[in-house]
There are 2 protein chains.
Amino acid sequence: MSNLIEASGILAIATRLQRLSDQLRKEGQLIYKAHGIDFEPKWFPVVYTLHQKPVLSVVEIAAEIGYSHPSTISLLKELEKQKLVRSKKDKTDERKRLILLTEKGKELVIQMQPVWGKMSAALASLTDTPNNLMKAIEEVEANIKVRSFFEREQQQ
Amino acid sequence: MSNLIEASGILAIATRLQRLSDQLRKEGQLIYKAHGIDFEPKWFPVVYTLHQKPVLSVVEIAAEIGYSHPSTISLLKELEKQKLVRSKKDKTDERKRLILLTEKGKELVIQMQPVWGKMSAALASLTDTPNNLMKAIEEVEANIKVRSFFEREQQQ
DNA sequence: TAAAACTACGTAGCTGACTACATATATCAA
DNA sequence: TTGATATATGTAGTCAGCTACGTAGTTTTA
């Protein structure tokens, strides 16, 4: 990034956040590949959630991972294609589709556990700086909850 | 975001960054609208750069704002449609297209200056926390430069 | 007990960035 | 001076999320 944008600073913060996010995701892909694991970073929230709570409906998963339900549906389609999850009808509520990890999915989770551990450690080492990125995000989100960016601008 | 993903923590950091980025961008749109200004946050880097350096080629703009040149081209197309920028041929190098702000573009910049000021102040108030978000991003980017996420994971 | 309101799921299409590739022009080296 | 290489721009298609909207099943209420 050039000095010009550095100077305009905080106004380009949305772009900076997105770029960092993209870079981490791309490197995440490389890491799975390097371990010979056929898995994409974007699948992590769904699979991890199902690892913790084995049977959930589509909307429940969406709420857990904080995505819209259409985004969740498209992730589930990919995971079903990979045979990592399957679904069954909820017998007491015909509208619901209950999602579960397959045997292949459960085995993959076990295989990925040590990789997740190393990825966590690597991310921790990257973000262990005077201003901790995870904490900074949490602090900003908390501030937004108190008074949004929009409201703050109006009050200036 | 649910407790489950909080617990899985840092592995979902790419998603957290993107979500915060999206939220700030959306509120940015609302702010321009509330001021009756027909402008989108994604145009800011290009317009601000041309405000600072009045005549630049496509690739020069891309380099300044840190985007790929195709992304820059599509932003320029939108800005040309809005009649905020125009272009002329470089007479000494026929390959180049030189980009400039139009009169309308220059007037809009003047009109937006106070809004940019208030947005900066609002963002500063949001990110003025024990762990400063801008500094955290810079620190992580610096760490990545020293040793990437991928390399760090391999060494764990 | 039927109508209204709500909930769950799915599809279509948008967004804002990207990479890969194609073409045109400029420059450099033999 | 011409062939190789480099640079500038543009097009096409991808990606990971989103919103809007439609349908079907469930619950509530008059």
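This is a predicted model, so every value here is computed, not measured.

All right, on to the protein's contact with DNA strand C then. What surrounds DNA strand C is a group of 23 residues, the closest being A:Val59, A:Lys77, B:Lys42, B:Ser71 and B:Glu94. With respect to DNA strand C, the backbone of A:Val59 contributes an N or O atom lying 2.7 Å from a phosphate oxygen. At 2.7 Å, a backbone N or O of B:Glu94 approaches a phosphate oxygen of DNA strand C. Breaking the surface near DNA strand C down by element, the ones donating at least two residues are helix 2 (13–34), helix 4 (58–65) and helix 5 (69–81) of chain A together with helix 2 (13–34) and helix 5 (69–81) of chain B. It is helix 5 of chain A that contributes the most residues to the surface near DNA strand C, four residues altogether. Grouping the constituent residues of the surface near DNA strand C by class yields six nonpolar, six polar and eleven charged.

All names here are of chain A. Scanning all chains against the criterion turns up ten aromatic pairs over all chains. For the ring pair Phe39 and Trp43, a centre distance of 5.6 Å and an interplane angle of 80° mean the geometry is edge-to-face. By relative accessible area, Trp43 is classed as buried at 2%. Within the aromatic cluster, the residues linked to one another by ring pairs are Tyr32, Phe39 and Trp43.

With that out of the way, let us pick up the protein's contact with DNA strand D. With respect to spatial proximity, 22 residues lie near DNA strand D, and among them A:Lys42, A:Ser71, B:Val59, B:Arg95 and B:Arg97 are the closest. A distance of 3.0 Å is found between a phosphate oxygen of DNA strand D and a side-chain nitrogen or oxygen belonging to A:Tyr67. Note that a phosphate oxygen of DNA strand D is positioned 2.9 Å from one of the side-chain N or O atoms of A:Ser68. At the level of elements, helix 2 and helix 5 of chain A together with helix 4 (58–65) and helix 5 of chain B are the ones that each hand at least two residues to the surface near DNA strand D. Its residues placed into classes, the surface near DNA strand D shows six nonpolar, five polar and eleven charged.

With that settled, the discussion passes to the side chain of A:Glu27. Checked against the element boundaries, A:Glu27 lands in helix 2. Of the side chains with opposite charge, B:Arg152 comes closest to the buried, unpaired A:Glu27, at an N-O distance of 8.2 Å. Not counting chain neighbours up to four residues away, the residues in contact with A:Glu27 comprise B:Ile144, B:Ser148, B:Phe149 and B:Phe150.

Here we come to the nonpolar core. Ranked by size, the top nonpolar core spans 86 residues in total, and within it A:Phe39, A:Trp116, A:Leu133, B:Phe39, B:Trp116 and B:Leu133 carry the most contacts. Excluding residues that lie within four positions of it along the chain, A:Phe39 makes contacts with A:Tyr32, A:Phe44, A:Val47, A:Leu84, A:Leu108 and A:Met112.

Attention now goes to the interface of chain A and chain B. Counting from both sides, the interface comprises 72 residues of chain A and, opposite them, 72 residues of chain B. In total, about 7,400 Å² of surface goes out of reach between chain A and chain B, with carbon and sulfur atoms giving 69% of it. Linking chain A with chain B are two salt bridges, by the criterion used here. Where B:Arg16 meets A:Glu141, a salt bridge forms, and the shortest distance between an N and an O atom there is 2.8 Å. Here chain A is connected to chain B by 24 residue pairs in polar contact (both at pLDDT 80 or more). Contributing elements (two or more residues each) for the side of chain A that touches chain B: helix 1 (3–8), helix 2, helix 3 (44–52), helix 4, helix 6 (103–127), helix 7 (133–146) and helix 8 (149–155) of chain A. Top element by residues in the side of chain A that touches chain B is helix 2 of chain A. It accounts for 17 residues. Residues belonging to the side of chain A that touches chain B are distributed by class as follows: 35 nonpolar, 22 polar and 15 charged.

Looking at chain A as a whole, its pLDDT mean stands at 86, while 94% of the residues score no less than 70. Considering only residues more than four positions removed or in separate chains, one finds that residues 1–7 of chain A, a stretch of pLDDT under 50, has 17 contacts.

Residues and elements named next belong to chain A. Running from N to C, helix 3 and helix 6 point in directions that differ by 115°, and their axes come no closer than 12 Å. With respect to each other, helix 3 and helix 6 are oriented roughly perpendicular. Helix 6 is crossed by helix 3, and the crossing has left-handed handedness. Residues Phe44, Val47, Tyr48 and His51 of helix 3 form the contact with helix 6, whose own contacting residues are Val109, Gln113 and Trp116.

Let us now look at helix 3 (residues 44–52) of chain B. Among the nine residues of helix 3 of chain B, seven are classified as buried, and the element is accordingly described as predominantly covered. Those residues of helix 3 of chain B not exposed but buried are B:Phe44, B:Pro45, B:Val46, B:Val47, B:Tyr48, B:Thr49 and B:Leu50.

On to helix 4 of chain B. Residue and element names in this part refer to chain B. Of the positions making up helix 4, those classed as buried are Val58, Ile61, Ala62, Glu64 and Ile65. Along the axis of helix 4, the buried residues cluster in a sector spanning 165°; they form a single face. Facing away from the buried side of helix 4, by more than 90 degrees, are the exposed residues Val59 and Ala63. Gly66, located one to two residues past helix 4, shows a positive phi value of around 75°.

What follows is about the relation of the copies chain A and chain B. Note on the copies: chain A fits chain B at an RMSD of 0.1 Å, the axial shift is 0.0 Å, and the rotation between them is 180°. With respect to symmetry, the two chain copies, as superposed, fit the operation of a two-fold axis. Residues of chain A ranked by C-alpha distance from the rotation axis are headed by A:Asn131, positioned 2.2 Å from it.

Each value, and the rule that gives it
- Residues numbered from 1 in each chain as written.
- Chains lettered and ligands numbered in written order.
- Predicted model: local features only at pLDDT ≥ 70, side-chain atom pairs only at ≥ 80, totals over all residues.
- Heavy atoms only, no water.
- Near = heavy atom within 4 Å.
- Polar contact = N/O pair within 3.5 Å; in protein donor to acceptor, adjacent residues only side chain to side chain.
- Helix = DSSP H or I, 4+ residues; strand = E, 2+ residues; numbered from the N terminus.
- Nonpolar A, V, L, I, M, F, W, Y, C, P; charged D, E, K, R; others polar.
- Phe/Tyr/Trp six-rings, centres within 6.5 Å; stacked < 30°, edge-to-face > 60°.
- Buried < 20%, exposed > 50% of the residue type's maximum accessible area, 1.4 Å probe, protein only.
- Lys, Arg positive; Asp, Glu negative; His and termini not counted.
- Salt bridge = Lys/Arg side-chain N within 4 Å of Asp/Glu carboxyl O.
- Contact = heavy atoms within 4.5 Å.
- Core = buried A, V, L, I, M, F, W, Y, C linked by side-chain atoms within 4.5 Å.
- Buried area = accessible area lost by both parts, 1.4 Å probe.
- pLDDT = per-residue confidence, 0-100.
- Axes fitted to C-alpha atoms, helices over the stretch in contact; angles between N-to-C directions.
- Parallel < 35°, antiparallel > 145°, perpendicular 65-115°, else oblique.
- Left-handed = near helix turned anticlockwise from the far one by under 90°.
- Arc of directions from axis to C-beta.
- Least-squares fit on C-alpha atoms with pLDDT ≥ 70 in both.

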